[in-house]
Amino acid sequence: MSTHTRRRLTDAPFLAAATGATPSRRPVWFMRQAGRSLPEYRELRKGVGMLESCFDPELVCEITMQPIRRHGVDAAILFSDIVVPLKAAGIDLDIVPGVGPVIASPVRTADDVRALPRLRPEEVGAVADGVRLLVDALGETPLIGFAGAPFTLASYLVEGGPSKNHERTKAMMYADPQTWHALLGVLTDITVAFLQAQLAAGVDAVQLFDSWAGALSLADYRRFVLPHSERVFAEVAEAGVPRIHFGVGTGELLGAMGEAGADVVGVDWRVPLTDAVRRVGPGKALQGNLDPAVLFAGAGAVETEARRIAAEADEAITLGANGHIFNLGHGVLPDTDPGVLTALVELVHEL
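Residues numbered from 1 in each chain as written. Predicted model: local features only at pLDDT ≥ 70, side-chain atom pairs only at ≥ 80, totals over all residues. Heavy atoms only, no water.

(A) Representation of the overall build of the protein in the model. In terms of helices and strands, the protein carries 16 helices and 9 strands. Relative to its length of 351 residues, the protein is compact, with a C-alpha radius of gyration of 19 Å against a globular reference of 20 Å. Each principal axis of the C-alpha atoms in the protein carries an extent, and together these give about 55 × 40 × 40 Å. Within the protein, residue pairs in contact and separated by at least 24 positions form 75% of the contacts whose partners lie at least 6 positions apart. Carbon and sulfur atoms form 50% of the exposed surface of the protein, whose accessible area is close to 13,500 Å². Across the protein, the 31 positively charged side chains and the 43 negatively charged ones have centroids separated by 2 Å. (Helix = DSSP H or I, 4+ residues; strand = E, 2+ residues; numbered from the N terminus. Rg over C-alpha atoms; globule rule 2.2 N^0.38 Å. Contact = heavy atoms within 4.5 Å. Areas by Shrake-Rupley, 256 points an atom, 1.4 Å probe, with all protein chains shown as cover. Lys, Arg positive; Asp, Glu negative; His and termini not counted. Charge placed at Lys NZ, Arg CZ, Asp CG, Glu CD.)

Written out as structure tokens, the structure reads:
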């Protein structure tokens, strides 16, 4: 696979904040900004399945660009899904509307783990082609690549789909740790291969989503998850781009997640940034953390909360954080008014 020459975006506020430099303005982007609430996204996706769209380079490029054009955010995030590398590797799964990823044959035994495929770079060639189109289209705006973390991917594979309690996942962890670690080893290989394909195509940063890690205790996270997330970050370190780590409901895990090797730690809305910096420790940037539901509360509430978060972020920087990237504490909710997001970007740029 040919390697794209990465752009030199020395003035990009997002990259400055992520690397401890002083940005020209407070950078902002939104998780799930590509699509979700945008009517132009829904129009483009009519009759096109989620996974089908993730493997269409032109669609990937257009959907990723839509929030850049509309909102003026400081970073684009690649339109994709965390199960894309699993599908590309040959695992039988589908994304069912209203449900999420559904796995045809859940992985629950040592034999199941041994039968799992690995990911070859050419199998995500369409994603890499989308990245290359975006690098050419984005101008001075950085592009964030991403992947699902090994634990979150494992939870889908073991449960067979989304789960509230993760009982089968935890049962494997506790009852058969050898098989568990073998499974996460395979998923770490897949995750690294997916991120390296994006990096070779030219992304300017990467984010690892551990969406379900908040279901774990700190002790279990350290024992069963942390070593594998550490390996992901270590194996993409050579690219020299900012690495972001994010999970939902992970307030008790922030310190350990910071240890995994990311340069930026995402914080959901439950933990003030001033507390987050104490848990993560100095020397890393923070990302977050407006509650997505606040966007339904009217302009006054949005402004009040955005100003509070900016003030907490500034205090966190005095306490040792490397910088702050404004974001939501989770993804954009589908019924969010796009105009509210655009106004929030303009406000954050003034703070």
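There's more to say after this.
(B) Region of the structure containing helix α15 (residues 299-318). With 20 residues, α15 extends 29 Å from end C-alpha to end C-alpha; this agrees with the ideal 28 Å at 1.5 Å per step. For α15, the full list of buried residues reads Val302, Ala306, Ile309, Ala310, Glu312, Ala313 and Ala316. Seen end-on, α15 carries its buried residues on one side only, within an arc spanning 165°. Those residues of α15 that are exposed and angled more than 90 degrees off the buried face are Thr304 and Thr318. The elements touched by buried residues of α15 are α14 (273-280), β8 (285-290), β9 (324-328) and α16 (338-350). Positive phi appears at Gly320, one or two residues downstream of α15, with a value of about 125°. (Expected span 1.5 Å × (residues − 1). Buried < 20%, exposed > 50% of the residue type's maximum accessible area, 1.4 Å probe, protein only. Arc of directions from axis to C-beta.)

(C) Highlighting the packing of helix α8 (residues 150-159) against helix α10 (residues 177-201). At a closest axis distance of 9 Å, the pairing of α8 and α10 adopts a crossing angle of 115°. Once α8 is placed against α10, the crossing between them reads as right-handed. The residues of α10 that touch α8, namely those facing Pro150, Phe151, Leu153, Ala154, Leu157 and Val158, are Trp180, Leu183, Leu184, Leu187, Thr188 and Thr191. For the contact of α8 with α10, the class distribution of residues is 10 nonpolar, 2 polar and no charged. (Axes fitted to C-alpha atoms, helices over the stretch in contact; angles between N-to-C directions. Left-handed = near helix turned anticlockwise from the far one by under 90°. Nonpolar A, V, L, I, M, F, W, Y, C, P; charged D, E, K, R; others polar.)

(D) Looking closely at the packing of aromatic side chains. In the structure shown here, the tally under the stated rule is 6 aromatic pairs. A centroid spacing of 6.3 Å and a plane angle of 80° characterise the contact between Phe209 and Phe246, whose relative ring orientation is edge-to-face. Taken together, the residues Phe209 in strand β5 (residues 205-209) and Phe246 in strand β6 (residues 243-246) connect sequence positions 37 residues apart. Comparing Phe209 with Phe246 shows no difference in burial state: the two are buried. In textbook terms, an aromatic cluster arises when at least three aromatic residues are bridged by ring pairs, as seen for Phe146, Phe209 and Phe246. (Phe/Tyr/Trp six-rings, centres within 6.5 Å; stacked < 30°, edge-to-face > 60°.)

(E) Geometry of the sheet that holds β6. Spatially, 7 strands are ordered β1-β4-β5-β6-β7-β8-β9 in an open sheet, and the strand pairing comes out parallel. Every other strand in the sheet has two partners, leaving β1 (76-77) and β9 as the edge strands with one partner each. The pairing of strand β7 (residues 264-266) with β8 spans 3 bridges and is classified as parallel. Across the sheet, residue Gly266 finds its bridge partner in β8, namely Gln287. Against the sheet, α15 touches β8 and β9, its axis set at about 160° to β8. (Pairing = 2+ DSSP bridges.)

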